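Residue-level listing of the chains:
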Amino acid sequence: MAGPRPVVLSGPSGAGKSTLMKRLLKDYEGVFGFSVSHTTRKPRPGEEEGKDYHYTTREAMQEGIDNGDFIENAEFSGNLYGTSKSAIEDVRAQNLICILDVDIQGVRNIKKTDLDPIYISIQPPSMEILETRLRDRQTETEESLQKRLEAARQDMELSKEPGVFDVVIINDDLDKAYEELTAILIDEIKKVQEVKS
Ligand SMILES: Nc1nc2c(ncn2[C@@H]2O[C@H](COP(=O)(O)OP(=O)(O)O)[C@@H](O)[C@H]2O)c(=O)[nH]1
Ligand SMILES: Nc1ncnc2c1ncn2[C@@H]1O[C@H](COP(=O)(O)OP(=O)(O)O)[C@@H](O)[C@H]1O
């Protein structure tokens, strides 16, 4: 079924993907739908099952992967993450633009599928600012913070490779980054709004 083109948001942990995406979902209700991933990490305070993630065990998730229920999956910072086929189908069935928040391994694996999304990388202005934002977020232990920073260094290098992303947005000033994001997506947004009006 041809529908609106999905959007992949990637970039280091703490770069601002969730912040930008939540604003997009709120400002354009009925236009975007989030592909709810599975993860073996524990929910953070305020996160909701089925909204932020489907929280699961490694055993159950591995079984799903073995059954072919996932279009991609990856190990990140000691936990499994993955996009199930049904997460995408749920959004597409409502004719919404499907947004996926995945790490760089997810980007590489999605490129092997027929999903054909717009690939957007959200990057922090510097490693120092990234570290400050991650610390201020107060969601990580020192160990998990260090793992995220190490993954961020790799992500920032790999993202520079030409052809990996359609666009790279530096999230320095949040409003400016959000403007850039909506400008990139405006044609797809209009298509969905026209169909619905
Ligand atoms: N490959 C892949 N990565 C995912 C998926 N869901 C989330 N991620 C990535 O996993 C990483 C960690 O996510 P999370 O634990 O929510 O931490 P946060 O990015 O620091 O908020 C981020 O880079 C996400 O983009 C998924 O389904 N597949
Ligand atoms: N442009 C920005 N300026 C300052 N703080 C920001 C900016 N963008 C995001 N943040 C903050 O940085 C932290 C990490 O952002 P978040 O959206 O959780 O990142 P990600 O989803 O990429 O891991 C959050 O506490 C968020 O409020």
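For clarity, every value in this text was computed on a predicted model and none was experimentally measured. (Residues numbered from 1 in each chain as written. Chains lettered and ligands numbered in written order. Predicted model: local features only at pLDDT ≥ 70, side-chain atom pairs only at ≥ 80, totals over all residues. Heavy atoms only, no water.)

Comments concerning the packing of aromatic side chains
Evaluation of the coordinates by the stated rule reveals four aromatic pairs. Ring centres of phenylalanine 76 and tyrosine 81 lie 6.1 Å apart, and the angle between their planes is 85 degrees; this geometry places the pair in the edge-to-face category. Each residue in the set Tyr53, Tyr55, Phe76 and Tyr81 is aromatic and connected to the rest through ring pairs, giving one cluster. Over the ring of tyrosine 178 we find arginine 23, and its NZ or CZ is 4.3 Å from the ring centre. Directly above the aromatic system of tyrosine 119 lies the positively charged group of lysine 111, at a separation of 4.5 Å from the ring centroid. (Phe/Tyr/Trp six-rings, centres within 6.5 Å; stacked < 30°, edge-to-face > 60°. Lys NZ or Arg CZ within 6 Å of the ring centre and 35° of its normal.)

Side note on the site of ligand 1
Around ligand 1, the structure places 18 residues, and the nearest of them are Ser13, Arg41, Tyr53, Tyr81 and Asp101. Note that an oxygen atom of ligand 1 is positioned 3.2 Å from one of the backbone N or O atoms of glycine 82. Within the backbone of valine 102, a nitrogen or oxygen atom sits 3.5 Å from an oxygen atom of ligand 1. Here ligand 1 has 570 Å² of accessible area as a free molecule, and 97% of this is covered by the chains. For ligand 1, the cavity whose grid points lie within 2 Å of the majority of its atoms is the largest pocket. For the shell around ligand 1, the elements supplying multiple residues, two or more each, are strand 5 (70-76) and strand 6 (79-84). The residue inventory of the shell around ligand 1, partitioned by class, reads five nonpolar, five polar and eight charged. (Near = heavy atom within 4 Å. Polar contact = N/O pair within 3.5 Å; in protein donor to acceptor, adjacent residues only side chain to side chain. Areas by Shrake-Rupley, 256 points an atom, 1.4 Å probe, with all protein chains shown as cover. 1 Å grid on protein atoms, 1.4 Å probe; cavity = no way out; pocket = protein on both sides within 12 Å on 5 of 7 lines; lining within 4 Å. Sits in = over half its atoms within 2 Å of the grid points. Helix = DSSP H or I, 4+ residues; strand = E, 2+ residues; numbered from the N terminus. Nonpolar A, V, L, I, M, F, W, Y, C, P; charged D, E, K, R; others polar.)

Section: the pattern of salt bridges
Enumeration over the complete set of coordinates arrives at 16 salt bridges. When the shortest N-O distance is used, the salt bridge between arginine 58 and glutamate 75 registers 2.9 Å. Placement of arginine 58 in helix 2 (residues 58-66) and of glutamate 75 in strand 5 is noted, with a sequence separation of 17 residues between them. Under the relative-accessibility criterion, arginine 58 is labelled partly exposed at 34%. For arginine 148, the salt bridge identified is with glutamate 140, shortest N-O distance 3.3 Å. Glutamate 140 carries the same exposure label as arginine 148, and that label is buried. (Salt bridge = Lys/Arg side-chain N within 4 Å of Asp/Glu carboxyl O. Buried < 20%, exposed > 50% of the residue type's maximum accessible area, 1.4 Å probe, protein only.)

Re the sheet that holds strand 1 (residues 7-10)
Overall, parallel pairing links the five strands, which are arranged 2-7-1-8-9 in an open sheet. Bordering the open sheet on either side are strand 2 (32-34) and strand 9 (167-170), each of which pairs with just one other strand. Along the sheet, successive strands turn relative to each other by an average axial angle of 25 degrees, direction set aside. Looking at chain direction, strand 1 and strand 7 (residues 97-101) are connected through three bridges and run parallel. Directly across from valine 8, in strand 7, lies its bridge partner leucine 100. Helix 3 (residues 85-93) rests against strand 2 and strand 7 of the sheet, and its axis sits at about 150 degrees to strand 7. Contacting strand 1, strand 2, strand 7, strand 8 (118-123) and strand 9, helix 7 (residues 174-196) runs over the sheet at an angle of about 140 degrees to strand 9. (Pairing = 2+ DSSP bridges. Axes fitted to C-alpha atoms, helices over the stretch in contact; angles between N-to-C directions. Contact = heavy atoms within 4.5 Å.)

Remarks on the site of ligand 2
If you check the shell around ligand 2, you find 14 residues, and the closest are Gly14, Ser18, Thr19, Arg137 and Asn171. One of the backbone N or O atoms of glycine 16 is found 2.9 Å from an oxygen atom in ligand 2. One of the side-chain N or O atoms of threonine 19 is found 2.5 Å from an oxygen atom in ligand 2. Taking 560 Å² as the accessible area of ligand 2 by itself, protein coverage stands at 74%. Among the cavities detected, the one that contains ligand 2 is the largest pocket. Secondary-structure elements contributing two or more residues to the shell around ligand 2 are helix 1 (17-27) and helix 5 (127-137). The greatest single-element share of the shell around ligand 2, amounting to three residues, is contributed by helix 1. The class makeup of the residues in the shell around ligand 2 is three nonpolar, six polar and five charged.

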